[in-house]
Amino acid sequence: MIAYIMCFILFLVGLYGVITRRNLVKIAVSMSIMEISTFLFFALVGYIDGGVAPIVDPADPVKTYVDPLPQALVLTAIVIGLATTSMLMAIIIRLYRKYGTFDIREIKNLKG
Amino acid sequence: MILGALYAIHAKDLLSSVIACGIVGYSLVICFLLLKAPDLAIVQIVVDTITLIIMVAVVLDSSREESYSKLDTHGYISAVTGILMIVILLYFFAISIQSLDVLGKSTLRMANYYIEGAAQKTGSANLVTGVVFDFRGYDTMGEAVVLVTAVLGVLTILRLKGKK
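Residues numbered from 1 in each chain as written. Chains lettered and ligands numbered in written order. Predicted model: local features only at pLDDT ≥ 70, side-chain atom pairs only at ≥ 80, totals over all residues. Heavy atoms only, no water.

The next thing to look at is the overall build of chain B. Looking only at helices and strands, chain B has 8 helices and 0 strands in total. Within chain B, counting contacts between residues at least 6 apart in sequence, those at least 24 apart form 41% of the total. Total accessible area on chain B stands at roughly 10,500 Å², and carbon and sulfur atoms take up 71% of it. (Helix = DSSP H or I, 4+ residues; strand = E, 2+ residues; numbered from the N terminus. Contact = heavy atoms within 4.5 Å. Areas by Shrake-Rupley, 256 points an atom, 1.4 Å probe, with all protein chains shown as cover.)

Below you can see the structure in the form of structure tokens.
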């Protein structure tokens, strides 16, 4: 229970960063923090006490495994997170070269 | 992790903010190892390193200081809105947390089918690999499409001469 709450607090921290910061790089960092909290939540959902990592050992077939389905989903989500983050950074560096600032208020005022 | 995240948001220097984000990512790796997910830990290490390199490259290419200025004048409305949003989010969190199992006691609902005889069906000893590449192969194909699209997008954005 406490782990779910910590995970939720991490998500709220990311959300707070996205809403309050004015710097584009800070916004990207906050979004990746939100992503990380989501990954942690999925891994928590799949966890079973006393389970082992889901790798089949034919010599010893009586184990309980950790749920492999959330792990597979998170595996996909991590790679897509990398793709979105790199896309975001490309857009940010393009904006910086055009306007010379990271501040979103100044970019809004410039009306390019 | 939460301390690292808070520092990442409040740091004055952008470089230390990015590195604090990297700290959060690497502590996620430790959490994955504690939660018995070695595949996720491996992938997260690689992805986090690449993300850190990209972010550091962007930050070093530009100005590092964040300029602070005064907040807007209508701060009260923002504060009330923020508190309202947090209350609403906490409400939904309280609802959803009751529908979940207690940590460590979760039941295998769908995954029983994946676990039973997966080694014979997919020929892979690693169940995560079996699920990703065999039972959910279309998901993985979509993931590859997303990656290719992102690479094309980055190449398009970073062209030297943009059209006017």
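Looking now at the interface of chain B and chain A. In this assembly, 79 residues from chain B lie in contact with 70 residues from chain A. Roughly 6,800 Å² is buried in total at the junction of chain B and chain A, and carbon and sulfur atoms are behind 76% of that figure. Where chain B packs against chain A, one counts 0 salt bridges. At the surface where chain B touches chain A, the tally comes to 1 residue pair in polar contact (both at pLDDT 80 or more). Elements with a contribution of two residues or more to the side of chain B that touches chain A: α1 (2-10), α2 (14-34), α3 (38-60), α4 (75-99), α5 (111-115), α7 (127-135) and α8 (137-157) of chain B. Here the element with the most residues in the side of chain B that touches chain A is α3 of chain B; it accounts for 12 residues. When its residues are assigned to classes, the side of chain B that touches chain A shows 53 nonpolar, 14 polar and 12 charged. (Buried area = accessible area lost by both parts, 1.4 Å probe. Salt bridge = Lys/Arg side-chain N within 4 Å of Asp/Glu carboxyl O. Polar contact = N/O pair within 3.5 Å; in protein donor to acceptor, adjacent residues only side chain to side chain. Nonpolar A, V, L, I, M, F, W, Y, C, P; charged D, E, K, R; others polar.)

On to a nonpolar patch on the surface, then. On the surface, M1, I2, I5, M6 and I9 of chain A cluster together into a nonpolar patch covering about 460 Å² of accessible area. Structurally, I5 of chain A can be placed in helix α1 (residues 2-20). (Patch = residues over 30% accessible without salt bridge, like charges linked within 9 Å, V, L, I, M, F, W, Y side chains within 5 Å.)

Our focus in this paragraph is helix α2 (residues 24-45) of chain A. Each turn of an α-helix holds 3.6 residues, which means side chains three or four residues apart point in the same direction. Residues and elements named next belong to chain A. Counted at 1.5 Å a residue, the expected span for α2 with its 22 residues is 32 Å, and the 32 Å between its end C-alpha atoms agrees. By the criterion of burial, α2 is predominantly enclosed, with 16 of the 22 residues buried. Measuring from the backbone nitrogen of V25 back to the side-chain oxygen at the start of α2 gives 3.1 Å, which picks out N23 as the cap. (Expected span 1.5 Å × (residues − 1). Buried < 20%, exposed > 50% of the residue type's maximum accessible area, 1.4 Å probe, protein only.)

All names here are of chain A. For the pair α2 and helix α3 (residues 68-99), interaxial distance at closest approach is 10 Å and the crossing angle is 180 degrees. As the angle between them shows, α2 and α3 are arranged roughly antiparallel. Contact residues: L24, V25, A28, M31, E35, F39 and F42 in α2; P70, L73, V74, A77, I78, G81, T84, T85, L88, M89, I92 and L95 in α3. Class assignment of the residues belonging to the contact of α2 with α3 gives a composition of 15 nonpolar, 3 polar and 1 charged. (Axes fitted to C-alpha atoms, helices over the stretch in contact; angles between N-to-C directions. Parallel < 35°, antiparallel > 145°, perpendicular 65-115°, else oblique.)

Moving on, we get to the packing of aromatic side chains. Scanning the entire structure with this criterion turns up 4 aromatic pairs over all chains. Geometrically, the ring pair formed by Y4 of chain A and F41 of chain A is tilted, given 5.8 Å between the ring centres and 55 degrees between the ring planes. With Y4 of chain A in helix α1 and F41 of chain A in helix α2, this residue pair connects regions lying 37 residues apart in the sequence. Given the relative accessible area of 4%, Y4 of chain A is considered buried. Residues Y91 of chain B and F92 of chain B carry aromatic rings whose centres are separated by 5.6 Å and whose planes lie at 65 degrees to one another, so their mutual orientation is edge-to-face. A single burial state applies to Y91 of chain B and to F92 of chain B, both of which are exposed. (Phe/Tyr/Trp six-rings, centres within 6.5 Å; stacked < 30°, edge-to-face > 60°.)

With that out of the way, let us pick up the nonpolar core. V25, V29, I78, I92 and F102 of chain A together with F32 and L40 of chain B are the most contacted members of the largest nonpolar core, which has 53 residues in total. Where this core is concerned, the elements lending two or more residues are α1, α2 and α3 of chain A together with α1, α2, α3, α4 and α7 of chain B. Structurally, this core is a two-domain feature, drawing no fewer than three residues from each of domain 1 (1-66) and domain 2 (110-164) of chain B. Residues in contact with I78 of chain A, not counting those within four places in the same chain, are F39 of chain A together with F32, L40, V43, Q44 and V47 of chain B. (Core = buried A, V, L, I, M, F, W, Y, C linked by side-chain atoms within 4.5 Å. Domains from an automatic or database assignment.)

In this model α1 of chain A runs 27 Å from its N-terminal to its C-terminal C-alpha over 19 residues, within 8% of the 27 Å that 1.5 Å per residue would give. Y4, C7, F8, L10, V13, G14, L15 and G17 of chain A are the residues of α1 of chain A that are buried.

We now examine the side chain of T140 of chain B. Residue and element names in this part refer to chain B. In this structure, T140 sits in helix α8. Overall, the relative accessible area of 16% leaves T140 in the buried class. Ignoring anything within four residues of it in the chain, the contact list for T140 reads V132 and F133.

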